[in-house]
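# Understanding the architecture of this molecule
Letter by letter, the chains look like this.
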Amino acid sequence: MRTPLLCAVAAVALTLWTACGGTDPAAKKLRISGIPDSAGTEIDALAAAVETYLGEQLGVEVEYVNATNYDAAVAMIGSNKVDLGWFGGVTGVDAVDACRGEARMIATRQKDLQFKTYFIANRAVVDAGRIGPVDSLEALKPKLEGLSFSFGNLRSTSGHIMPRHFMTAAGIDPEGGVKGGAKNQDNHTMTLDMVADGRVDVGALNYTNYEQASDEKKQQAVKIYETPTYVDYCLVARDSLGEELIAKIRDAFTQLDASVAAHRAMLDAFKAERFSAAESSQWQMIRDVVKGLQDRGLLK
């Protein structure tokens, strides 16, 4: 757990927390967490940026609480151990459900409304002519049969759920249609590393993690396909925060401007250029995809 940053006078904190039913501002803090979908250093940077920026904008004590895994991040907001959570599409839906509907999506990066997954392949496998860039997953199907493959985390929207959905639609069986059956990594960074160093031939990951990787890494892990777009990451807030504070949090995110130097750390930590206000209904397609995979027995 990180040391929180105290930013503001008690009078301001009292005004904000009264809307949430709080009575003692000194004993209250805004607690936020998120899915650990990248390397630890990236999570640390995000935590520091959130604590500093939101603390300054809201005038309350802000604490980022590290989650050990995707399920833990959902469980923390569901059990009221955190007030806000930065989730992928699937875990965002799960977070709202874990709060028994008493939570909502309030903000998203603009690019999350048109998100996508990249399929990547190890350079040696590409150079050997065993696989290469394709225009469709149907074209990839016969090439995958003799190659090892890895998704990201089982709960990851861009690293597992959506690529599995698209593969299934293309007639690819991730268990029987690849060498040894599909594997799962803890996060996108691990998927990229596994493909780059040849421990896995082909993998699926969040496109932003790939785009921001070093040129050397991308030389070793070649992009071979990108999926159609879908909605993904979102900021989920518990309704117990109250309408006034939720509105202030939403505004703090949507006013972030890449041209303002003071906003850069926050935007860089979230790999964002701009945030937009969000509504939970925008993630209905994710609910539909998960249900479809579950109905076919393809997800536990």
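Owing to the predicted nature of the structure, the values given are computational and were not obtained by experimental measurement.

### Quick notes on the packing of aromatic side chains
- This model, assessed by the stated rule, comprises 15 aromatic pairs.
- Taken together, a centroid distance of 6.2 Å and an interplanar angle of 65° make the contact between Phe 115 and Tyr 230 edge-to-face. With a gap of 115 residues between them, Phe 115 in the loop between strand E4 (103-109) and strand E5 (117-122) and Tyr 230 in the loop between strand E9 (221-226) and strand E10 (234-238) connect regions that are remote in the sequence.
- A residue is classified by how much of its surface remains accessible, and Phe 115, at 0% relative accessible area, is buried.
- Classification of Tyr 230 by relative accessible area gives buried; the value is 1%.
- Taken together, a centroid distance of 5.5 Å and an interplanar angle of 85° make the contact between Phe 270 and Phe 275 edge-to-face.
- A relative accessible area of 2% places Phe 270 in the buried class.
- Judged by relative accessible area, which is 2%, Phe 275 ranks as buried.
- Following the ring pairs from residue to residue traces out a cluster consisting of Trp 86, Phe 115, Tyr 118, Phe 166, Tyr 207, Tyr 210, Tyr 230, Tyr 233, Phe 253, Phe 270 and Phe 275.
- One Lys or Arg, Lys 116, reaches over the ring of Tyr 207 and ends 5.2 Å from the middle of that ring.

### Thoughts on the nonpolar core
- Counting residues in hydrophobic clusters, the biggest one holds 99 residues, and the most contacted among them are Leu 54, Leu 84, Ile 131, Phe 149, Ile 249 and Phe 253.
- Per element, the largest residue contribution to this core is eight residues, and it comes from helix H2 (residues 40-58).
- Not counting residues up to four positions away in its chain, the partners in contact with Ile 249 are Leu 30, Leu 58, Leu 84, Ile 106, Leu 235 and Leu 241.

### Notes on the side chain of Lys 116
- With respect to the helices, strands and loops of the structure, Lys 116 is situated in the loop between E4 and E5.
- With relative accessibility at 18%, the residue Lys 116 sits in the buried group.
- Polar side-chain contacts of Lys 116 include one of 3.3 Å to the side chain of Glu 226.
- Ignoring anything within four residues of it in the chain, the contact list for Lys 116 reads Asn 206, Tyr 207, Glu 226, Thr 227, Pro 228 and Tyr 230.

### Quick look at helix H3 (residues 70-78)
- When H3 is considered as a whole, its buried residues turn out to be Tyr 70, Ala 73, Val 74, Met 76 and Ile 77. Looking straight down H3, one finds its buried side chains confined to an arc of 160°; they lie on one side.
- In this structure, the buried side of H3 is in contact with strand E1 (30-34), strand E3 (84-87), helix H4 (89-98), helix H8 (188-196) and E10.
- The N-cap of H3, judged by a side-chain oxygen 3.1 Å from the amide nitrogen of Asp 71 a few residues on, is Asn 69.
- Following H3 by one or two positions, Asn 80 has its phi on the positive side, about 65°.

### Let's talk about unusual backbone geometry
- Positive phi, close to 65°, is recorded for Asn 80, a residue that is not glycine.
- Backbone geometry at Arg 100 places phi at a positive 55°, although glycine is not the residue there.
- Structurally, the position occupied by Arg 100 is in the loop between H4 and E4.
- For Arg 100, a relative accessible area of 77% gives the class exposed.

### Some thoughts on the environment of Ala 204
- Residue placement: Ala 204 occurs in strand E8 (residues 202-206).
- Relative accessible area serves as the criterion here: at 0%, Ala 204 is assigned to the buried category.
- Along the backbone, Ala 204 and His 263 are 59 residues apart, and their C-alpha atoms lie at a distance of 31 Å.
- Contacts of Ala 204, omitting those with residues within four sequence positions, involve Thr 117, Tyr 118, Phe 119, Phe 149, Ser 150, Phe 151, Gly 152, Gly 159, Pro 163 and Thr 191.

The rules we used
Residues numbered from 1 in each chain as written. Predicted model: local features only at pLDDT ≥ 70, side-chain atom pairs only at ≥ 80, totals over all residues. Heavy atoms only, no water. Phe/Tyr/Trp six-rings, centres within 6.5 Å; stacked < 30°, edge-to-face > 60°. Helix = DSSP H or I, 4+ residues; strand = E, 2+ residues; numbered from the N terminus. Buried < 20%, exposed > 50% of the residue type's maximum accessible area, 1.4 Å probe, protein only. Lys NZ or Arg CZ within 6 Å of the ring centre and 35° of its normal. Core = buried A, V, L, I, M, F, W, Y, C linked by side-chain atoms within 4.5 Å. Contact = heavy atoms within 4.5 Å. Polar contact = N/O pair within 3.5 Å; in protein donor to acceptor, adjacent residues only side chain to side chain. Arc of directions from axis to C-beta.

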